[in-house]
Amino acid sequence: MRNTGRSAVGLSVVDLSVVVPAYNEEQRLGPTLDAITRYLGEPEGRWGEWEIVVADDGSTDATREIVTARRDPRIQLVASPRNRGKGHALRLGVAATRGRRVLVTDADLAAPIEELEKLDKALSEGNAAAVGSRSVPGAEIGYRQHRLRELLGRAGNFLIRSVAVPGIRDTQCGFKLFDGDSGRAAFAGSRLNGWGIDVEVLQHFRRADWPVAEVPVTWSHQSGSKVRPLDYARVLGELGRLKARALRPADAFAAVLFLLMSVALYSGRFFDPAHRYLQDSLQDQNQWEWFFAVTADNVSHLRNPLFTDLQGFPDGVNLMANTVMLGLSVPFAPVTLLLGPAAALSLCMALGLAATATAWYWLIVKRVVRQRAAAFVGASLAAFAPPMVSHANAHPNFVILFMIPLIIDRALRLCAGTRVVRNAVILGLMAAYQIFLGEEPLLLASIGMLLFACAYGVLRRDVAKAAWRPLLRGLLIAAAVCLPLVCYPLVWQFAGPQSYHSVLHGDNAGNSPLALLSFAERSLLAGDADRANALSLNPTEQNAFYGWPLALLAFAIVVRLWERTVVKALAFTALAAAVLSLGPKVRVPLTDTVFPGPWAFLSDKPLFESVIEGRVAMICAPALGVLLALAIERLAAIRRVGTVYAGLLAVSLALLPLVPAPLKSTPRVDVPAFIADGMWKPYVQPGESLVPVPLPDPGNAEGLHWQTAAHLGFRLPGGYFNGPYGDDRVGIYGASPRHTSNLLRDIRYSGKVPEIGTNWKAQAARDFAFWKAGVLVLAPQPHDTELRQALEKLVGRPGRWTGGVWVWDLHEGS
């Protein structure tokens, strides 16, 4: 018998060691030892000298006595004083072995000892380990385990393959043969005490580049298994610990910095989201909080998340045709219900921006440069470039882009031609998820990837020739996976209730050439609000503004690194995206000369017709970020101190003007007590709506904030969303206007009350009936006196002041 922890160093070497972990195995261990010794002893000498090491994991029954009662010196025991898990037992057992080869087998012999011959053959072919598998062709399953246990095992193996040891289908089968020295080194380096040690050891082999063969075996479930359903969750927890330990400190530090940068950007609102408003978001913050609130409400009541009539009543809103981001608003539903939509949106945007930066960092480190500092700078530009900061005010769908780098990486894997089916399936799932995060960003990312692929393919035709077949095959498989998942939502979006054909953004929403070289409003050092707003649609659509110093630096990088194909392809991608972003009409700055732009060929095509073409310049951000990372890595390799200082100075001068100031915020207007305290409830009967005056629209969507504050207790006519207008069903912002809604809106902005006679009163009565209005509510606001005068004439009586608002109960006199 060998005592716990005793080293095998200095003892004679044997040909084969068999390690059997055991915990309370008095019923099964005896027959197992008999089967192993009988097989290893017959025919004599087949396996050479051998030993069996039973690693007892603190058993409380007669397990140890069964081992010590045997007089065979080749059967030995190592024991733990208490139960610590299979991983701890295996670590003790393997450390005590002397074999040139080490077999690890479970005490139940679910895989018969006779299967050792198959593993031994694989090891003899040059592999460092041979793992028994139930999941590769040729495996035979005798008596199956319970269906639930089998499903949990398959799900766990899928996750393990995805994140830890890709290429091995079955890591948890307890029948593995190792080269002795390699196995002892791997187990000695392990830290997990539970079932996850199999993954940890195989991960050690993978990192050491030791070949591992997966061998089909015969396997049968044995009663009395020590694996419980909760153990599957523990394995996943241990897998998470493995991934955390594998993370380099520099990578963790980068992720933390990205989070701090994101929180700093949103600091004006992040710490008090319910009472602060991002003033440059226009009315988008109200809209997005409503999106999160209505999604959570639909989820909690098991309603269709693709439609609602809470806004735009009575016609309703096609939520799939709006940027609801179901991919996040659905999983965030518990947060929304618990903390409210303002906190949920704020948390989602801050975390999402940090996740986007981290994803770009991961892609740059994996595919472009190894130098962490260079990757950090490149990812910072990709995620915090001026266009991203502009959209951070109001558009989470253009800020939360963490799936885009993952999609790019998976597409590159397809080009390599390895494991095409697996990578294509994952790409299809990723694309489906991105559709539920934002379709327009996916379209723009596809444009960027296409531009890069075309440039790279022309420059490296040998690579293109080798890649196009697996890429095409993979894309077809990905489409076959993606389309069934998104088919119904997309049909609903384009043909469902309140669907529309396109959203028109004016004759030309492209960037001015000057916008590409100017500085954004939120630039901490160089921002000029008047100039930036003169060159953009509004503060949330400053889609270029990279600044002339960065443009000069990018040009210098391209010239200096021109020999590299990736640099040429990135330069083409950034330049082509910048030109496309100029729109269908390009005006020469400071002149009246206008030329047709390349976007003119796409502007009337399906999908492209709804794109704000200036946003195409956002493609430049990651392209410039990667160029910057390449340049910094090259600088780090230069020995001349002066050259390094000059290069870093140039980088600093190009980036410092782009550092953003925190987004502007302002105290939020309080919701009137009439709404906040539920005083509205007696006025709105089932099936009726509450009508804020004027009706909510893209210019004034405070009514949506009222509705979320009232926990979506009433319906609203009007609103801020995309919906159809007219017989052509062209897309517009807000509900289809009616005469009365137009009248009230004009009075709010002009302060002028027209002559209101019988016709206006009759029209108002028809519109109130169409909206199924129960009550009109006028809150203090600009020109509220004129609005009150108009309502008194339209309704025929004065309103009542209650709960901080003027109220007209439309049930009176009915």
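Only a predicted model underlies this, so the values are computations on that prediction, with no experimental measurement involved.

1. Some details on the overall build of the protein chain
Okay, so step 1: Helices and strands together make up the secondary structure of the protein chain, namely 31 helices and 21 strands.
Okay, so step 2: The 814 residues of the protein chain split such that 53% are buried.
Okay, so step 3: Taking all contacts inside the protein chain whose residues are at least 6 apart in sequence as the whole, residues at least 24 apart take part in 76%.
Okay, so step 4: Of the roughly 35900 Å² of accessible surface on the protein chain, 60% is carried by carbon and sulfur atoms.
Okay, so step 5: Computed over 81 positive and 69 negative side-chain charges, the inter-centroid distance for the protein chain is 5 Å.

2. As for the packing of helix α9 (residues 249-265) against helix α15 (residues 372-384)
Okay, so step 1: With their axes 11 Å apart at the nearest point, α9 and α15 run at an angle of 25° to one another. Looking at the two axes, α9 sits roughly parallel to α15. Where α9 crosses over α15, the two elements pack in a sense that is right-handed. Contacts between α9 and α15 involve Ala250, Asp251, Ala254, Leu257, Phe258, Met261 and Ser262 from the first element and Arg372, Phe376, Ala379, Ser380 and Phe384 from the second.
Okay, so step 2: Partitioning the contact of α9 with α15 into residue classes produces 8 nonpolar, 2 polar and 2 charged.

3. Here's the deal with the packing of helix α29 (residues 739-750) against helix α30 (residues 758-770)
Okay, so step 1: Contact geometry of α29 with α30 gives a least axis separation of 8 Å together with a crossing angle of 110°. Here α30 runs roughly perpendicular to α29, going by the angle between their axes. Residue-level contacts link His739, Thr740 and Leu743 of α29 to Trp760, Gln763, Ala764, Asp767 and Phe768 of α30.
Okay, so step 2: Considering only residue class, the contact of α29 with α30 consists of 4 nonpolar, 3 polar and 1 charged.

4. Examining helix α31 (residues 784-795)
Okay, so step 1: Look at α31: 16 Å from first C-alpha to last across 12 residues, which is about the 16 Å you get at 1.5 Å a residue.
Okay, so step 2: Along its buried surface, α31 packs onto β16 (689-693), α29, α30, β19 (773-778) and β21 (805-809).
Okay, so step 3: Taken from the residues just after α31, glycine 796 is the one with a positive phi, measuring 95°.

5. Quick word on unusual backbone geometry
Okay, so step 1: Note the cis peptide between phenylalanine 313 and proline 314, where omega equals 10°.
Okay, so step 2: Positioned with a positive phi, asparagine 24 is a non-glycine residue whose angle comes to about 50°.
Okay, so step 3: Structurally, the position occupied by asparagine 24 is in the loop between β1 (14-22) and α1 (29-41).
Okay, so step 4: Look at leucine 607: it is not a glycine, yet its phi comes out positive at around 75°.
Okay, so step 5: On the secondary structure map, leucine 607 appears in the loop between β14 (594-596) and α25 (620-636).
Okay, so step 6: The exposure class assigned to leucine 607 is exposed, which follows from its relative accessible area of 52%.

6. Section: the nonpolar core
Okay, so step 1: Formed by 145 residues in total, the largest nonpolar core has its most connected members in Tyr266, Phe674, Ile675 and Leu690.
Okay, so step 2: A total of 14 residues in this core trace back to one element, the largest contributor, which is helix α14 (residues 341-367).
Okay, so step 3: For isoleucine 675, the residues in contact, after removing those within four places along its chain, are Trp680, Leu690, Trp706, Ala710 and Phe714.
Okay, so step 4: Val18, Ala35, Val217 and Trp219 belong to the second-largest nonpolar core, a separate cluster that totals 36 residues.

7. Observations regarding the environment of glycine 757
Okay, so step 1: Tracing the sequence through the fold places glycine 757 in the loop between α29 and α30.
Okay, so step 2: Exposure remark for glycine 757: the relative accessible area of 29% places this residue in the partly exposed category.
Okay, so step 3: Linking glycine 757 and lysine 793, residues 36 residues apart in sequence, is a C-alpha distance of 8.2 Å.

8. Describing the sheet that holds strand β2 (residues 50-56)
Okay, so step 1: In spatial order, the strands read β3-β2-β1-β4-β7-β5-β8; together these 7 strands make up an open sheet with mixed pairing. Edge positions in the open sheet fall to β3 (75-79) and β8 (212-216), since each of these has one partner strand only. Neighbour to neighbour, the strand axes of the sheet diverge by 20° on average, direction disregarded.
Okay, so step 2: Packing against the sheet, α1 makes contact with β1, β2, β3 and β4 (99-105), and its axis sits at approximately 165° to β2.

9. Some remarks on the environment of alanine 383
Okay, so step 1: Positionally, alanine 383 belongs in helix α15.
Okay, so step 2: Note on alanine 383: relative accessible area 1%, which makes it buried.
Okay, so step 3: C-alpha of alanine 383 to C-alpha of serine 262: the two residues are 121 residues apart in sequence and 9.7 Å apart in space.
Okay, so step 4: Ignoring anything within four residues of it in the chain, the contact list for alanine 383 reads Leu353, Thr356, Ala357 and Met388.

10. Here we look at the pairing of β4
Okay, so step 1: Summarising burial for β4: 5 of the 7 residues are buried, a large majority.
Okay, so step 2: Here 5 bridges tie β4 to strand β7 (residues 175-179), and the two strands are oriented antiparallel to one another. Bridge pairing in β7 links valine 102 to phenylalanine 178.

11. Points about the sheet that holds β21
Okay, so step 1: The 4 strands are arranged β16-β19-β21-β20 in an open sheet whose pairing can be described as mixed. Unpaired on one side and paired on the other, β16 and β20 (800-802) mark the two borders of the sheet. Neighbour-to-neighbour, the strand axes of this sheet turn through a mean angle of 35°, independent of strand direction.
Okay, so step 2: Taken together, the 3 bridges between β20 and β21 define a ladder with antiparallel strand orientation. Within β21, the residue paired with threonine 802 across the bridge is valine 805.
Okay, so step 3: Packing against the sheet, α31 makes contact with β16, β19 and β21, and its axis sits at approximately 155° to β19.

12. A look at the side chain of glutamate 289
Okay, so step 1: Secondary-structure assignment places glutamate 289 in helix α11 (residues 284-300).
Okay, so step 2: The exposure class of glutamate 289 is buried, given its relative accessible area of 2%.
Okay, so step 3: Setting aside anything within four residues of it in sequence, one finds glutamate 289 in contact with Arg269, Pro341, Ala342, Leu345, Arg668, His705 and Thr708.

13. Brief notes about the pattern of salt bridges
Okay, so step 1: This structure, assessed with the given rule, holds 31 salt bridges.
Okay, so step 2: A salt bridge links lysine 118 to glutamate 115, with the shortest nitrogen-to-oxygen separation between them at 2.9 Å.
Okay, so step 3: Residue glutamate 115 is classed as buried on the basis of its relative accessible area of 9%.
Okay, so step 4: Put simply, lysine 664 and aspartate 280 hold a salt bridge, and the shortest N to O gap is 3.6 Å. Placement of lysine 664 in the loop between α26 (641-655) and β15 (665-667) and of aspartate 280 in the loop between β10 (276-278) and α11 is noted, with a sequence separation of 384 residues between them.
Okay, so step 5: The exposure class of lysine 664 is partly exposed, given its relative accessible area of 27%.
Okay, so step 6: Accessibility expressed as a relative area gives 8% for aspartate 280, which makes it buried.
Okay, so step 7: Three or more residues joined by partner-sharing salt bridges are found here, namely Lys86, Asp106, Lys176 and Asp198.

14. Quick look at the state of the cysteines
Okay, so step 1: One pass over the structure, following the stated rule, counts 0 disulfides.
Okay, so step 2: In this structure cysteine 454 is not part of a disulfide, and its nearest cysteine sulfur, from cysteine 415, lies 12 Å away.
Okay, so step 3: On the basis of relative accessibility, which here comes to 43%, the residue cysteine 454 falls in the partly exposed class.
Okay, so step 4: Cysteine 620 takes part in no disulfide bond, and the closest cysteine sulfur, belonging to cysteine 454, lies 16 Å away.
Okay, so step 5: A relative accessible area of 4% places cysteine 620 in the buried class.

15. What about α30?
Residues three or four positions apart in an α-helix share a direction because the helix packs 3.6 residues into each turn.
Okay, so step 1: For α30, with 13 residues, the first-to-last C-alpha span of 18 Å sits near the 18 Å given by 1.5 Å per residue.
Okay, so step 2: Within two residues after α30, lysine 772 carries a phi angle of roughly 50°, on the positive side.

Definitions and cut-offs
Residues numbered from 1 in each chain as written. Predicted model: local features only at pLDDT ≥ 70, side-chain atom pairs only at ≥ 80, totals over all residues. Heavy atoms only, no water. Helix = DSSP H or I, 4+ residues; strand = E, 2+ residues; numbered from the N terminus. Buried < 20%, exposed > 50% of the residue type's maximum accessible area, 1.4 Å probe, protein only. Contact = heavy atoms within 4.5 Å. Areas by Shrake-Rupley, 256 points an atom, 1.4 Å probe, with all protein chains shown as cover. Lys, Arg positive; Asp, Glu negative; His and termini not counted. Charge placed at Lys NZ, Arg CZ, Asp CG, Glu CD. Axes fitted to C-alpha atoms, helices over the stretch in contact; angles between N-to-C directions. Parallel < 35°, antiparallel > 145°, perpendicular 65-115°, else oblique. Left-handed = near helix turned anticlockwise from the far one by under 90°. Nonpolar A, V, L, I, M, F, W, Y, C, P; charged D, E, K, R; others polar. Expected span 1.5 Å × (residues − 1). Core = buried A, V, L, I, M, F, W, Y, C linked by side-chain atoms within 4.5 Å. Pairing = 2+ DSSP bridges. Salt bridge = Lys/Arg side-chain N within 4 Å of Asp/Glu carboxyl O. Disulfide = S-S within 2.5 Å.

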